[in-house]
Amino acid sequence: MTTIGILGVGGLAALMVRGLQGAGYRLILSPRNAEVAARLAAEYGCEVAADNQAVVDAADGVFVSLPAATGAEELARLTFRPEQPVLSAMAGTGLARLHSVIGPARAAVSMMPGYANALGIGPSILCPDDAFWRPFLAATGPVQVFEDEASFTTAATFGAFSGASFVWMAQAIGWYEEQGLPSATARALVAATLRGNAEVLLSEDRSLPEIQREVITPGGISELLVTTLTARQALQAWDEALTRVLHRIGG
Ligand SMILES: NC(=O)c1ccc[n+]([C@@H]2O[C@H](COP(=O)([O-])OP(=O)(O)OC[C@H]3O[C@@H](n4cnc5c(N)ncnc54)[C@H](OP(=O)(O)O)[C@@H]3O)[C@@H](O)[C@H]2O)c1
């Protein structure tokens, strides 16, 4: 059985461990944040190592979900085996920096939304392609592979897009609640609408302008919503926000 070591056992690690259930991996966790590590050991049968080096030593491959600000420094303190596969999910740590701190090991970088991966339907991106990590990520949802790191970094902004989408959904749900709809009804309505529309994008072979022409009646209520948002620069603000995220993660 392939053994995966996980360095950094917090929110993302907990979600990935859940998503990896049944995928056939043995999972060994770093001990810091003993509460989360103990919970994952109890719920999912993970093992908890004595320290970070013990995680690396026991693992065929190492998944890194350490804090983005300090994770590379921690990796530099550890000793990896030549060609040992190491996959980082740390936002903003590029391949060159990762290579420089894991020595002879084999570096790859990834990004994923997290929560949807726990349900087995979260997309991931991977750079460069790596036969060890592709099936690992695929166990938690569809994987897109990038050979070009600049494109990977642009795509990696989707981690923030995903997180922000929960805030956007909460805004809409909150508005329905304020108008008196029961919370469960508002939540189900917003979620099912977006799930349906996502399925249209994934399964229909039509361009976005064609789809929009079909669903946005001239002079209708969708158009009213869009023109109101556009007049307040609300849609254009997404471009500015994504660009700021891209700059933060090195693009
Ligand atoms: N959350 C997501 O869905 C998501 C998605 C994609 C990528 N990411 C990336 O994943 C990384 C982790 O994010 P997160 O949200 O999971 O953060 P988090 O909840 O803070 O988890 C990080 C964990 O690493 C532990 N840690 C800190 N220093 C350590 C060290 N030297 N050795 C071992 N463990 C150490 C922390 O322990 P303490 O609590 O004791 O400090 C914490 O348990 C970040 O780099 C982020 O960019 C997150």
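Cut-offs and rules
- Residues numbered from 1 in each chain as written.
- Predicted model: local features only at pLDDT ≥ 70, side-chain atom pairs only at ≥ 80, totals over all residues.
- Near = placed C-beta within 6 Å.
- Helix = DSSP H or I, 4+ residues; strand = E, 2+ residues; numbered from the N terminus.
- Nonpolar A, V, L, I, M, F, W, Y, C, P; charged D, E, K, R; others polar.
- Axes fitted to C-alpha atoms, helices over the stretch in contact; angles between N-to-C directions.
- Parallel < 35°, antiparallel > 145°, perpendicular 65-115°, else oblique.
- Contact = placed C-beta atoms within 7 Å.
- Pairing = 2+ DSSP bridges.
- Buried ≥ 20, exposed ≤ 12 C-beta atoms within 10 Å, placed from the backbone.
- Arc of directions from axis to C-beta.
- Domains from an automatic or database assignment.
- Core = buried A, V, L, I, M, F, W, Y, C linked by C-beta atoms within 7 Å.

Caption draft 1: Representation of the site of the ligand. Around the ligand lies a shell of 26 residues, among which Gly 8, Gly 10, Asn 33, Ala 91 and Gly 114 are the nearest. For the shell around the ligand, the secondary structure elements donating two or more residues are helix 1 (11-19) and helix 4 (71-76). The element that contributes the greatest number of residues to the shell around the ligand is helix 1, accounting for three residues. By residue class, the composition of the shell around the ligand is 13 nonpolar, 11 polar and two charged.

Caption draft 2: View of the packing of helix 1 against helix 2 (residues 34-44). Their axes nearest at 11 Å, the elements helix 1 and helix 2 cross at an angle of 5°. Considering their axes alone, helix 1 and helix 2 lie roughly parallel with respect to each other. On the side of helix 1, the interface is formed by Ala 14, Val 17 and Arg 18, while helix 2 contributes Val 36, Leu 40 and Tyr 44. Of the residues assigned to the contact of helix 1 with helix 2, the class counts are five nonpolar, no polar and one charged.

Caption draft 3: Focus on the environment of Leu 40. Structurally, the position occupied by Leu 40 is in helix 2. Through-space distance from the C-alpha of Leu 40 to that of Val 55 is 15 Å; in sequence the pair is 15 residues apart. The contact partners of Leu 40, leaving out residues within four places of it in the chain, are Val 9, Ala 14, Val 17, Leu 29 and Cys 46.

Caption draft 4: Geometry of the sheet that holds strand 2 (residues 26-29). Spatially, eight strands are ordered 3-2-1-4-5-6-7-8 in an open sheet, and the strand pairing comes out mixed. Of all strands in the sheet, those bounded by a partner on one side alone are strand 3 (47-48) and strand 8 (143-145).

Caption draft 5: Summary view of helix 8 (residues 149-156). Phe 152, Thr 153 and Ala 156 are the residues of helix 8 that are buried. Viewed along the axis of helix 8, the buried residues span an arc of 100°, placing them on a single side of the element. Each element contacted by the buried residues of helix 8 is listed here: strand 6 (106-111), strand 7 (124-127) and helix 9 (158-178).

Caption draft 6: Region of interest: the domain arrangement of the protein chain. Its domain assignment divides the protein chain into domain 1 (3-156) and domain 2 (159-248). Here domain 1 and domain 2 have C-alpha centroids that lie 31 Å from each other.

Caption draft 7: Fine view of the nonpolar core. Core analysis: the largest hydrophobic core is formed by 51 residues, its most contacted members being Leu 27, Leu 29 and Val 64. Broken down by element, this core gets its largest block of residues, six residues, from helix 1.

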